[in-house]
Amino acid sequence: MQSYPSIDALVHRALQHVDDWEDSWGAFDRHPSLGVAPDRLDDALDEYLERLEGNYPFHHPRYAGQMLKPPHPIAVAAYVAAQRINPNNHALDGGPPTSQMEQEVVTDLADMLGLPAPTLGHLTGGGTVANLEALWVARELHPDRALAVSADAHYTHGRMSDVLNLDVVEVPTDARGRLRLDALQQTLEAEPIGTLVLTAGTTGLGTVDPIADAVSLCDSHEVRVHVDAAYGGFFRLMTLDAAPPLDGFPDEHFEAIQRADSVAIDPHKHGLQPYGCGCILFRDPAVGRFYQHDSPYTYFTSEELHLGEISLECSRAGAAAGALWCTLRALPLAPDDGVGPILAACLRAARTWAEEIERSDALTLLAPPETDIVAYFPTPETPRLSAVEDASRTLFDRAMNDPDAPIARTRDARRSVG
Ligand SMILES: *Cc1c(COP(=O)(O)O)cnc(C)c1O
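No experiment lies behind these values; they were computed from the predicted model shown.

Reading the values: rules and limits
- Residues numbered from 1 in each chain as written.
- Predicted model: local features only at pLDDT ≥ 70, side-chain atom pairs only at ≥ 80, totals over all residues.
- Heavy atoms only, no water.
- Helix = DSSP H or I, 4+ residues; strand = E, 2+ residues; numbered from the N terminus.
- Buried < 20%, exposed > 50% of the residue type's maximum accessible area, 1.4 Å probe, protein only.
- 1 Å grid on protein atoms, 1.4 Å probe; cavity = no way out; pocket = protein on both sides within 12 Å on 5 of 7 lines; lining within 4 Å.
- Points joined across faces, edges and corners; volume = space filled by probe spheres on them.
- Nonpolar A, V, L, I, M, F, W, Y, C, P; charged D, E, K, R; others polar.
- Near = heavy atom within 4 Å.
- Polar contact = N/O pair within 3.5 Å; in protein donor to acceptor, adjacent residues only side chain to side chain.
- Areas by Shrake-Rupley, 256 points an atom, 1.4 Å probe, with all protein chains shown as cover.
- Domains from an automatic or database assignment.
- Expected span 1.5 Å × (residues − 1).
- Contact = heavy atoms within 4.5 Å.
- Pairing = 2+ DSSP bridges.
- Axes fitted to C-alpha atoms, helices over the stretch in contact; angles between N-to-C directions.

**Quick look at unusual backbone geometry**
For step 1, the next point in the chain: Cis geometry is adopted by the peptide bond preceding Pro118, which originates at Ala117 and carries an omega value of -5°.
For step 2, the next point in the chain: Mapped onto the fold, Pro118 is located in the loop between helix 4 (96-113) and strand 1 (120-124).
For step 3, the next point in the chain: Notably, Asn165 is not glycine yet its phi reads approximately 60°, a positive angle.
For step 4, the next point in the chain: Here Asn165 lies in the loop between helix 6 (156-164) and strand 3 (168-171).
For step 5, the next point in the chain: Look at Glu222: it is not a glycine, yet its phi comes out positive at around 55°.
For step 6, the next point in the chain: Relative to the elements of secondary structure, Glu222 occurs in the loop between helix 8 (211-220) and strand 5 (224-229).
For step 7, the next point in the chain: By relative accessible area, which is 65% here, Glu222 ends up exposed.

The following block contains the structure:
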């Protein structure tokens, strides 16, 4: 029998364990400067907790606004326990157990994506930093060549290329937001490209670039490939034999991620984690040479490679690695167990909703969803773009002000705060 775990019970158990561990050291005093006046503490906490009610009810079944959800209770309990200790995964001495766990989950993610071992990888603060590292390595390998990016890729690629002073060539997309192979072919013939960025699950439409074909094209031009799978990477599980059958799912393109030179994937998107958990993976561990630096004040307990020696960020929450590790042990990366059925439910929901929209006169579906993002617009009375915009605004306002929506309480709380 499976049941949704009680967050209270899990957090209590986790914190109790850390308490007991601390008790085993024997009693010690805290410095008096850490004390707080009880009234002020009460007031601060009261106001803080009340202000949090100004959030939207992200985990209510009727919330469908953003690609945003609360972490799984297991991740919360695991995070809180490690956060109390506050290990830093920059150096092995900063957090030995969570550094080890980070290496284990990074291997799990690489295996899920089918990348051949050994890969080089580590967790990051999020997808932006993961992509930045991929683009930085792309520049180090090909300083004189440009980066090719599909027009529908996340804006981070343009921005990070600016930071890195990398030339960017934009490759046009088709009507459904997928990179156009004919345009890619032209670009590869006309320009000196070092690395192509493809997206597995675009942030806007959830579409998947034709990765399998694009990688083959790049191979023949000796161009590297980075796949931004920050959003969609976990859906790779849906291509495995034990996954539920899904008509029209872009299996071959998810499978082709394994041919990429680098991949970014965000456990804080579909991996049930709190924010602050991205991951970058490189096919060739030798790119680790670009990260080389000395840090005599942090690397002294071990001859082993410290995570800080293969990442651009310095301090990183060991709690993020711990939470992911514990979550993936309880909910494995399998197509028919753990994370898989959650992803399958997301895909089914998107498809069911898309079918409803297609049956409706009031709404128009932009394109059948390839992952779990549904793009649609209210059918306008006149076929003008401004009419679509007006109708969208009206629909949004009505949904936001629906008196029966779970958001009504939040809205009242906002009003009373002013
Ligand atoms: C979310 C996202 C990013 C940015 O990642 P953050 O974790 O928000 O920094 C990059 N690319 C894609 C495709 C994304 O969905």
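**Quick look at empty space enclosed by the protein**
For step 1, the next point in the chain: Taken as a whole and judged by the stated rule, the model has two cavities of 30 Å³ or more.
For step 2, the next point in the chain: Of the volumes computed, that of the largest cavity is approximately 60 Å³.
For step 3, the next point in the chain: In this structure, the largest cavity is lined by Arg176, Leu205, Thr207, Leu366, Ala367, Pro368, Pro369, Glu370, Ile373 and Ala375.
For step 4, the next point in the chain: In terms of residue class, the lining of the largest cavity is made up of seven nonpolar, one polar and two charged.

**Observations regarding the site of the ligand**
For step 1, the next point in the chain: Taken together, 13 residues form the shell around the ligand, and within it Thr128, Asp228, Asp266, His268 and Lys269 come nearest.
For step 2, the next point in the chain: Between the ligand and the protein, one listed contact pairs an oxygen atom with a backbone N or O atom of Gly127 at 2.7 Å.
For step 3, the next point in the chain: With respect to the ligand, the side chain of Asp266 contributes an N or O atom lying 2.6 Å from an oxygen atom.
For step 4, the next point in the chain: Starting from 380 Å² of accessible surface for the ligand in isolation, the protein chains cover 87%.

**Notes on the layout of surface pockets**
For step 1, the next point in the chain: Here the largest pocket is characterised by a volume of approximately 2,000 Å³.
For step 2, the next point in the chain: Among the secondary structure elements, those contributing two or more residues to the lining of the largest pocket are helix 3 (73-85), helix 12 (339-359), strand 9 (376-378) and helix 13 (385-400).
For step 3, the next point in the chain: It is helix 12 that contributes the most residues to the lining of the largest pocket, six residues altogether.
For step 4, the next point in the chain: Residue composition of the lining of the largest pocket, by class: 36 nonpolar, eight polar and four charged.
For step 5, the next point in the chain: Counting contributing residues, the lining of the largest pocket receives three or more from each of domain 1 (85-333) and domain 2 (338-417).

**Quick look at helix 11 (residues 318-330)**
For step 1, the next point in the chain: Here helix 11 spans 19 Å end to end across 13 residues, near enough to the 18 Å set by a 1.5 Å rise per residue.
For step 2, the next point in the chain: For helix 11, every residue scored as buried is listed here: Gly318, Ala319, Ala320, Ala321, Gly322, Ala323, Leu324, Thr327 and Leu328.
For step 3, the next point in the chain: Contact partners of the buried residues in helix 11: helix 3, helix 4, strand 1, helix 10 (267-270) and helix 12.

**Let's talk about the sheet that holds strand 2 (residues 146-150)**
For step 1, the next point in the chain: The strand order 1-7-6-5-4-2-3 describes an open sheet built from seven strands, whose pairing is mixed. Every interior strand has two partners, whereas the edge strands, strand 1 and strand 3, have only one. If you compare each strand with its neighbour and ignore which way they point, the axes differ by 15° on average.
For step 2, the next point in the chain: The sheet contact formed by strand 4 (residues 193-199) and strand 5 spans five bridges and is parallel. The residue of strand 5 that forms the bridge with Thr195 is Arg224.

Function-wise, these values are silent; they only describe arrangement.
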